[in-house]
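Tertiary structure, described
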Amino acid sequence: MMLSRAKPAVGRGVQHTDKRKKKGRKIPKLEELLSKRDFTGAITLLEEYENATKEENCNSEVWVNLACTYFFLGMYKQAEAAGFKASKSRLQNRLLFHLAHKFNDEKKLMSFHQNLQDVTEDQLSLASIHYMRSHYQEAIDIYKRILLDNREYLALNVYVALCYYKLDYYDVSQEVLAVYLQQIPDSTIALNLKACNHFRLYNGRAAEAELKSLMDNASSSFEFAKELIRHNLVVFRGGEGALQVLPPLVDVIPEARLNLVIYYLRQDDVQEAYNLIKDLEPTTPQEYILKGVVNAALGQEMGSRDHMKIAQQFFQLVGGSASECDTIPGRQCMASCFFLLKQFDDVLIYLNSFKSYFYNDDIFNFNYAQAKAATGNTSEGEEAFLLIQSEKMKNDYIYLSWLARCYIMNKKPRLAWELYLKMETSGESFSLLQLIANDCYKMGQFYYSAKAFDVLERLDPNPEYWEGKRGACVGIFQMIIAGREPKETLREVLHLLRSTGNTQVEYMIRIMKKWAKENRVSI
C-alpha cells in the first residue's frame with residue numbers, strides 16, 4: 001500500500017538540494033531521503049546515477065531505484081522507461097506490476113502477476129493491487145496471513161483497517177486501527193482514517209475533532225498531508241469551502257474531483273457536475289456510482305432517455321459485480337437500477353435488505369416511500385414520506401404529489417387538500433389539483449373531488465372540469481341520501497354548483513332543493 005499522487009510533484013528537488021548546499025549541510029544518502037518521503041530530493045540525487053548509466057558496467061540497481069522514485073512522484077511513464085532498463089528482479093517485477101495497473105493494461109498485469117512469488121514483498125504488492133481494484137476481502141486475507149507470522153509489521157493493521165473502511169465496517173476498522181495507533185499515535189494516515197471512521201459512525205464534528213491533533217502537528221515538509229486535511233475538512237463540514245479548496249486538488253487527490261461533483265449535485269448544479277465527470281473513465285465502484293447518479297439527475301432534468309439508460313447500466317454494473325453485490329452501495333445500485341426501470345417490487349427487495357441502516361435518512365425514505373406507494377402499499381408509503389425532515393424535499397412536487405396520493409388512497413382526502421392549500425399558485429399547484437380531483441373521484445371521495453374540480457373550473461373553463469364537478473356533486477348527493485355524508489354538506493354542494501354558469505345547474509339545484517324540503521334539511 002502506498003500514497004500516490006495523481007499529479008506529478010516536480011520542480012522542488014533542486015531547490016531543496018541547493019538549500020542544503022548553501023547551509024553547508026551534508027547531502028543525505030538515497031535511503032535517508034526515501035525514508036523521509038523526500039522523493040523530490042531523492043530524484044535530484046538519482047540524477048547523478050542517470051549519468052552513470054551511460055558508462056559501461058553500470059549497476060542495474062540504479063535504474064530500478066530511479067524507476068521507484070519516479071513512481072512515487074506519480075511520473076509513471078518515466079518510471080516504466082527506467083524500469084524496463086533494469087535487470088530482472090523481484091523489485092522490478094513488482095514495480096512493473098503496479099505500473100500495469102496504473103496504465104490499465106490487463107495483459108501486462110496478468111503477466112507480472114504470474115511472476116509474483118510467495119514472499120512478503122510480492123504478497124504485499126498483490127494485496128495493494130487487490131485493494132486498488134476494490135477486492136478488499138482478498139487484500140484483507142493476504143494482510144492477515146502475513147500478520148500471523150509477522151506481528152511486528154504494525155503498518156499492516158492500517159491497511160486492514162482501510163479495507164474494512166471500504167467495506168463499510170467502520171467499527172471493525174476502528175478496532176484494528178487502534179492496535180497501530182497505540183504504538184504510532186502521530187501517524188498521518190492512521191489519524192486521518194480514524195477521523196473518516198468517526199465521520200461515518202457519528203458526524204462531521206466528531207471527525208474534525210479527530211483531525212485537530214493532525215492539523216497541529218502536520219510536518220511542514222509533508223505537503224500531501226496538508227492537502228489531505230484540507231480536502232477532508234470540506235467533506236466533514238458538509239461541503240463548506242468546497243469551491244475554494246477542491247478545484248486545485250482535483251488533479252492531486254482523486255477523491256477531490258468526486259467530492260466536487262457531489263457538491264455541485266447538492267447545489268442542484270447538475271450541468272456543472274456533469275461537465276466535471278463526463279470525461280472521467282470510471283475504474284472504482286465509487287466512480288461508476290457517481291457517474292450513474294449524475295447521468296440519472298441530468299436525464300431527469302433534460303428528459304433524456306439516453307442519460308437515464310447510461311445511469312441504469314452503470315448502476316447494474318456495480319450492483320451485479322462480485323465485489324459489490326453484497327455491500328450496501330452495491331444493493332443501493334441495484335435498487336436504483338430497478339427504480340429507473342420502474343420495477344418497484346424489485347426495488348423494495350433491495351431497499352428492505354438494508355433499511356435498518358437508513359431509518360433517519362431522508363433520501364432513503366423518499367425512495368422507499370415512492371416504491372411502497374407505487375406497489376400499492378400506500379399506508380407504509382405515507383409513513384415513510386412523513387419521516388422525511390428536509391424542507392427542500394418536502395416542498396418538491398414529487399413529494400407533494402405522492403403524499404397526496406397516499407392520503408387519498410388511505411381515506412384521508414382532507415390532508416391531501418390541505419397540501420394544496422399550503423402551495424402558492426403555480427403550474428405545480430394546478431397539477432396537484434388535477435391529481436386530487438381525479439384520484440378522489442376514483443376513490444368515491446366526492447366532496448374533495450368536487451372542491452378540486454370547482455377550483456380547476458374557475459382557473460380554466462374547460463368543459464371536462466365541469467363534467468368532473470357535476471359527477472362529484474351528484475356523488476355527494478347520493479351519499480347524503482344514503483346517510484353516508486352529513487345532510488349539512490348539501491349546503492356547500494349547492495354553493496359549488498351556483499359558481500358555474502352551465503345550463504344544467506338549475507335543474508340539479510331544483511332536484512336537490514326539493515329533496516332537502518321533503519327531508520327538512522336547512523339549506
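All values reported here derive from a predicted model rather than from experimental measurement.

As for the overall build of the protein chain
- Helix and strand counts for the protein chain come out as 31 helices and zero strands.
- The buried share among the 523 residues of the protein chain stands at 46%.
- Counting only contacts in the protein chain whose residues sit at least 6 apart along the sequence, the fraction spanning at least 24 positions is 47%.
- For the protein chain, the computed accessible surface area is about 28,500 Å², with 49% contributed by carbon and sulfur atoms.

Quick word on the packing of helix 10 (residues 155-166) against helix 11 (residues 170-183)
- Contact geometry for helix 10 and helix 11: axes closest at 8 Å, N-to-C directions at 170 degrees. One finds that helix 10 runs roughly antiparallel with respect to helix 11. In this structure, helix 10 contributes Ala155, Asn157, Val158, Val160, Ala161, Leu162, Tyr164 and Tyr165 to the contact, and helix 11 contributes Tyr170, Val172, Ser173, Val176, Leu177, Val179 and Tyr180.

Observations concerning the packing of helix 18 (residues 285-302) against helix 19 (residues 305-319)
- As a packed pair, helix 18 and helix 19 sit with axes 7 Å apart at the nearest point and diverge in direction by 155 degrees. In terms of orientation, helix 18 and helix 19 fall into the roughly antiparallel class. Handedness of the crossing formed by helix 18 with helix 19: left-handed. On the side of helix 18, the interface is formed by Pro285, Tyr288, Ile289, Lys291, Gly292, Val293, Asn295, Ala296, Leu298, Gly299, Gln300 and Met302, while helix 19 contributes His307, Met308, Ile310, Ala311, Phe314, Phe315, Leu317 and Val318.
- Residues that form the contact of helix 18 with helix 19 fall into these classes: 14 nonpolar, five polar and one charged.

Some remarks on helix 26 (residues 413-421)
- Among all positions in helix 26, only Pro413, Ala416, Trp417, Leu419 and Tyr420 are buried. End-on view of helix 26: buried residues confined to an arc of 150 degrees, all on one side of the axis.
- Packed against the buried residues of helix 26 are helix 25 (397-409), helix 27 (427-442) and helix 28 (446-459).

Concerning the packing of aromatic side chains
- Overall, the coordinates contain 24 aromatic pairs when judged by the stated rule.
- Ring centres 6.2 Å apart and planes at 85 degrees place the aromatic pair Phe71 and Phe72 in the edge-to-face group.
- With a relative accessible area of 4%, Phe71 lands in the buried category.
- One aromatic cluster in this structure is built from Phe354, Phe358, Phe364 and Tyr368.

What about the nonpolar core?
- If you look at the biggest cluster of nonpolar residues, it comprises 65 residues, and the most contacted ones within it are Phe385, Trp417, Ile436, Leu490, Leu497 and Met512.
- In this structure, Leu497 is in contact with Trp466, Cys473, Val505, Met508, Ile509 and Met512, ignoring residues within four places of it in sequence.
- Residues Phe71, Phe97, Leu116 and Ile129 belong to the second largest nonpolar core, which totals 55 residues.

Looking at the confidence of the model for the protein chain
- Averaged over the protein chain, the pLDDT score is 88; the fraction of residues at 70 or greater is 88%.
- In this model residues 1-25 is a low-confidence stretch, pLDDT under 50, and it forms 44 contacts with partners more than four residues away in sequence or in other chains.

What counts, and at which threshold
Residues numbered from 1 in each chain as written. Predicted model: local features only at pLDDT ≥ 70, side-chain atom pairs only at ≥ 80, totals over all residues. Heavy atoms only, no water. Helix = DSSP H or I, 4+ residues; strand = E, 2+ residues; numbered from the N terminus. Buried < 20%, exposed > 50% of the residue type's maximum accessible area, 1.4 Å probe, protein only. Contact = heavy atoms within 4.5 Å. Areas by Shrake-Rupley, 256 points an atom, 1.4 Å probe, with all protein chains shown as cover. Axes fitted to C-alpha atoms, helices over the stretch in contact; angles between N-to-C directions. Parallel < 35°, antiparallel > 145°, perpendicular 65-115°, else oblique. Left-handed = near helix turned anticlockwise from the far one by under 90°. Nonpolar A, V, L, I, M, F, W, Y, C, P; charged D, E, K, R; others polar. Arc of directions from axis to C-beta. Phe/Tyr/Trp six-rings, centres within 6.5 Å; stacked < 30°, edge-to-face > 60°. Core = buried A, V, L, I, M, F, W, Y, C linked by side-chain atoms within 4.5 Å. pLDDT = per-residue confidence, 0-100.

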